[in-house]
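Geometric and topological summary
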Amino acid sequence: MSNLAILPILLPLLTGIILVFLNKRLPLVRLITRIMVIVNLAVVSVIAFNVIQNGTIVLKAGDWTVPYGIVLVADPLAMLLVVTANIIAVACAFYAFNSLDEQRERFYFYPLFQLLIAGVSGAFLTGDLFNLFVFFEVLLIASYGLIVLGGTKEQFRESFKYIIINLFSSMLFVTTISFLYAVVGTVNMAQLAERMGEVQQDGVLTTIGILLLIVFATKGALFPLYFWLPKSYTVPPTVISALFGALLTKVGVYSILRVFSLIFVYNLTVTHQILLILAGFTLVFGVIGAISTNNVQLIIAYNIIPAVGYMILGIGTFSATALAGTIYYLLHDMIIKAALFFLVGAMVAYAGTSDLRKMGGIIKNQPVLGWLFFIAALALAGLPPFSGFIGKLLILRGAFEEGHYVLAIIGLVTSLLILLSVIRIFINGFWGEAKQEYVSTVNSTKGKIMPAAFLLIFTIFLGLGAEFIYPTVQTIADQMIDPANYIDSVMKE
């Protein structure tokens, strides 16, 4: 049973390797990709159901005891995120067939895509910090290849910034892990949680915690380390932007959630107070970027940042209610960001421009695209009954309960501004009169709408079907406040 924990990593990794050798046979590569993303989603869904019903699955490679071996921990939180990542992978695979030109497909898009999914799944499942670093590097290597795919001048400019900032954070990550190992004697997360209270070096450990926060804040795009994100996430093809926006920053947020609810919980007045301050600034500056541009793709990219702010607010508040909201909002945001990138990608393909000032009246010829975008905009802003509402409600209620009134009010105002940023795309881009003669045909959106609709089904289910999902999410949050179950699952012989 424990071997099930490696399947979410192994299946896409092996698929990617096979696709490298078949790269010249593009129709076969497309077929294998379609089959394997569906198979992988089915497999991880079965594993997730088993974990939620029967408890955490722990794989200790080679039967080495903690902390000597590689440990994979398929707990309910990790598996919910792995399932969500694979839902997005299915949508991205089918979107890619209808949006990428053949040249980009032949330059190893599909192997890199599979490698990215393997890295993301590994980051969610790993049970120690060093292997979290390893899986970060796996997904980053894949992202380096994807961000330059096509080789335009703008891509190279933004990819240079993206690669440099991630190389810096990776060096800081591995250095900080070595410091932590020197002080505590382990990098296994469960064992770290056990030993942190025994180490009488609070100042040193808090400093290490802050260094790790800098690493994860860089990867998760927190204030002030988000400057690299907006342009880097809009210059690649739309399907790659969707992958990055839905998955990469969320791995950074997940790392903060895991580390600062399991390991660095002994000095909340320092670490979690810093998280709250960063959350406030991230909310404000992210939404300012979203309402200050007329580039529809940049509007969606900037909206990644305040969403991260909401999740960090929940982690910093550190109550069962707020953590449940963070988990729920994380699931929601992964799906809705991918859907929005798909929809604005189809919008740009039809209009022939990403400048909102040159658009108008698109809904007359693209009614399905227009109304799907309207639904996605409401979900992003957190209006009921969509999934964003439940996550935000729990986070803000937790903030009010813990006395963080200013941050809760900032969160409410930010939510209105997020709605403004995306609804003006609908009003100015889809509604009204066309400001130019669109030369694109209806076929320019062929195959681009269905993957977005597929994702919106899940975001609607997260909202209307909350009674099925919320109890599991609340149980996970309760266990994060009291992580004895996680620790016992990993540490038992």
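Rules used in this analysis
Residues numbered from 1 in each chain as written. Predicted model: local features only at pLDDT ≥ 70, side-chain atom pairs only at ≥ 80, totals over all residues. Heavy atoms only, no water. Helix = DSSP H or I, 4+ residues; strand = E, 2+ residues; numbered from the N terminus. Expected span 1.5 Å × (residues − 1). Buried < 20%, exposed > 50% of the residue type's maximum accessible area, 1.4 Å probe, protein only. Contact = heavy atoms within 4.5 Å. Arc of directions from axis to C-beta. Salt bridge = Lys/Arg side-chain N within 4 Å of Asp/Glu carboxyl O.

**Some thoughts on helix H2 (residues 26-54)**
If you check H2, its first and last C-alpha atoms are 41 Å apart, about what 29 residues at 1.5 Å a residue would give, namely 42 Å. For H2, the full list of buried residues reads Leu26, Val29, Thr33, Val37, Asn40, Leu41, Val44, Ile47, Ala48, Asn50 and Val51. Looking at the packing, one finds that the buried side of H2 touches helix H1 (7-21), strand E1 (57-60), strand E2 (71-74), helix H3 (76-97) and helix H4 (102-125). Count one or two residues on from H2 and you reach Gly55, which has phi positive near 110 degrees.

**Details of H1**
Given 3.6 residues per turn, any residue in an α-helix points the same way as the ones three and four places further on. Here H1 spans 22 Å end to end across 15 residues, near enough to the 21 Å set by a 1.5 Å rise per residue. Within H1, burial applies to Pro8, Ile9, Pro12, Thr15, Gly16 and Leu19. For H1, the buried positions fall inside an angular range of 145 degrees around the axis, keeping them on one side. As for H1, its buried residues are in contact with H2, E2, H3, H4 and helix H5 (129-147).

**Side note on the pattern of salt bridges**
Tallied over the entire structure, the rule returns 11 salt bridges. The salt bridge involving Glu154 is made with Arg157; its shortest N-O contact spans 3.7 Å. Taken together, the positions of Glu154 and Arg157, both in helix H6 (residues 153-184) and 3 residues apart, correspond to about one turn of that helix. Residue Glu154 is classed as partly exposed on the basis of its relative accessible area of 40%. A residue is classified by how much of its surface remains accessible, and Arg157, at 46% relative accessible area, is partly exposed. Across the pair Glu158 and Arg157 runs a salt bridge whose closest N-O atoms are separated by 3.5 Å. Each member of the salt-bridge network shares a partner with another, and the members are Glu154, Arg157, Glu158 and Lys161.

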